[in-house]
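Listed here are the chains, written in short residue letters.
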Amino acid sequence: QVQLVESGGGLVQAGGSLRLSCAASGRTFSSYAMGWFRQAPGKEREFVAAISWSGGSTYYTDSVKGRFTISRDNAKNTVWLQMNSLKPEDTAVYYCNADFNGPAAPGDYWGQGTQVTVSS
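Residues numbered from 1 in each chain as written. Predicted model: local features only at pLDDT ≥ 70, side-chain atom pairs only at ≥ 80, totals over all residues. Heavy atoms only, no water.

A. View of the overall build of the chain. In terms of regular secondary structure, the chain is built from 0 helices and 11 strands. Taken from the N to the C terminus, the helices and strands of the chain come in the order β-β-β-β-β-β-β-β-β-β-β. For the chain, whose C-alpha radius of gyration is 13 Å, the value lies close to the compact-globule estimate of 14 Å for 120 residues. Based on the C-alpha atoms only, the size of the chain along its principal axes is roughly 40 × 25 × 25 Å. Per-residue burial for the chain yields a buried fraction of 42% across its 120 residues. Considering only intrachain contacts with a sequence separation of at least 6, the fraction spanning at least 24 residues in the chain is 55%. Accessible surface for the chain amounts to roughly 6000 Å². Of this, 48% is attributable to carbon and sulfur atoms. Counting 10 positive and 9 negative side-chain charges, the chain places the centres of these two groups 6 Å from one another. (Helix = DSSP H or I, 4+ residues; strand = E, 2+ residues; numbered from the N terminus. Rg over C-alpha atoms; globule rule 2.2 N^0.38 Å. Buried < 20%, exposed > 50% of the residue type's maximum accessible area, 1.4 Å probe, protein only. Contact = heavy atoms within 4.5 Å. Areas by Shrake-Rupley, 256 points an atom, 1.4 Å probe, with all protein chains shown as cover. Lys, Arg positive; Asp, Glu negative; His and termini not counted. Charge placed at Lys NZ, Arg CZ, Asp CG, Glu CD.)

As structure tokens, this is what we get:
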């Protein structure tokens, strides 16, 4: 069992940066691959990025490659999503996911979400 709490969202102008954090509780965090998903108004939730349990492998959806970076610190039970060169189309609620198994197979554990709004 793991509980997830996201933070770091906000309003930013296009071209700006934000760093999202996902703090996890529970002793099993370090054994889980972690993912970030997002959901824009009127759209389905979509995969953004993921990281293996060790942090040695990362995966990104094509639209964020080169702009977003996912990282984790198992000692701090935290995963981050650094978002640079933000675009208005990145506007969405961003969710942290634990026990990630693939873009179409998220784990059962979700945070409450954090709103990211990018103005043009």
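B. Local environment of the state of the cysteines. Evaluated as defined, the whole model comprises 1 disulfide. In this model, C22 is linked to C96 through a disulfide, with the two sulfur atoms separated by 2.1 Å. Here the S-S torsion is close to -85°, and the disulfide linking C22 with C96 is therefore left-handed. Taken as a pair, C22 in strand β3 (residues 18-25) and C96 in strand β9 (residues 92-98) lie far apart in primary sequence, 74 residues in all. (Disulfide = S-S within 2.5 Å.)

C. Up close: the pairing of β9. Counting buried positions over the 7 residues of β9 gives 6, a clear majority of the element. Across 6 bridges, the pairing between strand β4 (residues 34-39) and β9 is antiparallel. Following the sheet pairing, M34 is matched in β9 by A98. Bridge analysis of β9 against strand β11 (residues 114-119) gives 3 bridges, and the strand direction is antiparallel. For Y94, the partnering residue across the bridge sits in β11 and is T114. Judged from the 2 bridges that link them, β9 and strand β10 (residues 109-110) form a sheet pairing that is antiparallel. For N97, the partnering residue across the bridge sits in β10 and is W110. (Pairing = 2+ DSSP bridges.)

D. Main features of the pattern of salt bridges. Applying the stated rule across the entire model yields 4 salt bridges. Between R38 and E46 there is a salt bridge whose closest N-O contact spans 2.6 Å. What makes E46 partly exposed here is its relative accessible area of 35%. With a shortest N-O distance of 2.8 Å, R67 and D90 are connected by a salt bridge. Here D90 lies in the loop between β8 (78-83) and β9 and R67 lies in the loop between β6 (58-60) and β7 (68-73), a separation of 23 residues in the sequence. Pair check on accessibility: R67 and D90 agree, each one buried. Sharing partners across several salt bridges, the network here consists of R38, E46, R67 and D90. (Salt bridge = Lys/Arg side-chain N within 4 Å of Asp/Glu carboxyl O.)

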